[in-house]
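Structural description and commentary
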Amino acid sequence: MSPIATDQYETLKVDITDNIVTVTLNRPHKKNAMSFKVVSELIALADRISKDKIIRAVILNGAEGTFCAGIDLGDLNHPKNKAFAFWELIKPWQSSFQRVCLAWRDVPVPVIAVLEGYCIGAGLQLALACDVRISHPDCQLSIMEAKWGLVPDMGLTQSAFGVVREDVLKELAMSARVIDANEGKTLGLVSHCSETPLEQAQQLAAEFAERSPDAVLASKRIINAMHQQPATTLYKEKVWQLKMMLGQNRKLALRKAKQASTAFGKRQFR
């Protein structure tokens, strides 16, 4: 039996059946938005799974029909969290916001994301770090950071490389456009569309579990190695996010989200 505790998380539900871990983001009142507590618990759980040689696969989903509606802006913008957020951006190694996604790319077992409802911003960056994404056709997807005057800074330069074409990624990141899962599959964001995505994920996880765990790990490692990016790309994510947060157009973006007639100022950076 796996030593992973299943009852010690405030924001996650964890179930282990036949050595397959199902992790459910469990903040349905917030459409499973990613709070700082979710970040810390997901990182801790990924670390425990990485050390558990019994686990054969992970299914990552969201409670009550929604995967994740993005970062919890209430948490992000709360004055008590500003110092923590800035430290995460200036420290010389991966930020917690990058680690919460890339940890699932690093775990030594396949990770399947089940997408329903909304998969936006931080949610989509988390999903892209998973090995397979199975989505309900009606799921709404977006790289939404530009709407808030920000830039994707949760490891997108690592997780999306080799998954989504560069031109597609630029268009989605620059426009913050919302698309459905069928378009997402055409563009490469989604692996499979299904009316019953959790059921299909469970079937796929069981199929993975029928293979040698070492062969499955080796396949994940060598294929990930095809698309490795230098650590400097993660540093650039953080530097640009700091610029966005300190810039005047960030404030205007927040205003524009409520008042469409708001005009942006001239570009500050080059």
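Refer to the preceding data block for the structure.
Attention in this report is confined to the structure presented alongside it. Within each chain, residues carry numbers counting from 1 in the order of the written sequence. A pLDDT threshold of at least 70 governs which residues receive local features in this predicted model, and a stricter bar of 80 or more applies before side-chain atom pairs are shown or counted, although totals over entire chains, interfaces and linings include all residues. Excluding hydrogens and water, the side-chain values take into account all heavy atoms of the structure.

**Topic: helix α10 (residues 213–225)**
In this description a helix means any DSSP run of H or I spanning at least four residues, a strand means any run of E spanning at least two, and both kinds are numbered starting from the N terminus. Expected helix span is taken as 1.5 Å per residue step, with the number of steps being one fewer than the number of residues. Its 13 residues place the ends of α10 18 Å apart at the C-alpha level, agreeing with the 18 Å of an ideal helix rising 1.5 Å per residue. With a 1.4 Å probe rolled over the protein chains alone, any residue whose accessible area is under 20% of its type maximum counts as buried; one over 50% counts as exposed, and the rest are partly exposed. Along α10, the positions that sit buried rather than exposed are Val-216, Lys-220 and Asn-224. Projected onto a plane normal to the axis of α10, the buried residues spread over an arc of 60° and lie on a single side. α10 presents Asp-214 and Ile-222 as exposed residues on the side facing more than 90 degrees away from its buried surface. We call two residues in contact whenever any of their non-hydrogen atoms come within 4.5 Å of each other. Elements that come into contact with the buried residues of α10 comprise α4 (96–106), β4 (111–115) and α9 (197–209). Working definition: the arc comes from the directions between the helix axis and the C-beta atoms, pointing outward to the latter.

**With respect to unusual backbone geometry**
Residue Asp-18 is not a glycine yet carries a positive backbone phi of 55°. Summarising the element assignment, Asp-18 is placed in the loop between β1 (12–17) and β2 (20–25). For Asp-18, a relative accessible area of 66% gives the class exposed. In this model, Glu-64 sits at a positive phi of 55°, which is unusual for a non-glycine residue. What makes Glu-64 exposed here is its relative accessible area of 69%.

**Digging into the packing of α4 against α10**
Each axis is a line fitted through C-alpha atoms, taken for helices only over the stretch in contact, and angles between the N-to-C directions span 0 to 180 degrees. Close contact between α4 and α10 brings their axes to 10 Å; oriented N to C, the two are set at 125°. As far as their axial angle goes, α10 and α4 are oblique. Touching Trp-104, Arg-105 and Asp-106 of α4 are Lys-220, Arg-221 and Asn-224, all from α10. Reported orientations rely on four angle classes, namely roughly parallel under 35 degrees, roughly antiparallel over 145, roughly perpendicular from 65 to 115, and oblique for the rest.

**Digging into a nonpolar patch on the surface**
Think of a patch as exposed residues, more than 30% relative accessible area, with no salt bridge, where like charges cluster within 9 Å and nonpolar side chains (Val, Leu, Ile, Met, Phe, Trp, Tyr) cluster within 5 Å. Note on areas: Shrake-Rupley with a 1.4 Å probe; residue coverage comes only from the protein chains shown. For this document, the term salt bridge refers to a Lys or Arg side-chain nitrogen within 4 Å of an Asp or Glu carboxyl oxygen. A cluster of nonpolar side chains, namely Trp-87, Ile-90 and Trp-93, defines an oily patch on the protein surface of about 360 Å² accessible area. The topology assignment puts Trp-93 in the loop between α3 (82–90) and α4. Residue classification places Trp-93 among the partly exposed residues on the basis of a relative accessible area of 49%.

**Observations regarding the side chain of Thr-233**
The topology assignment puts Thr-233 in helix α11 (residues 232–246). Whenever two N or O atoms come within 3.5 Å, that pair is a polar contact, provided that in protein one can donate a hydrogen and the other can accept it, and provided that, for residues adjacent in sequence, both atoms are side-chain atoms. Looking at Thr-233, its side chain comes within polar contact range of the side chain of Gln-158, at 3.1 Å. If we skip the residues at most four places from it in the chain, Thr-233 touches Thr-157 and Gln-158.

**Here's the deal with the sheet that holds strand β7 (residues 140–142)**
Ordered by their spatial adjacency, three strands build an open sheet running β5-β7-β8, and the pairing between neighbours is mixed. Both edges of this open sheet fall to β5 (118–120) and β8 (179–180), since each of them pairs with a single strand only. Note that β5 and β7 share three bridges and pair parallel. Within the sheet, the bridge partner assigned to Ile-120 lies in β7 and is Ser-142. In short, DSSP must find at least two bridges between two strands for them to pair.

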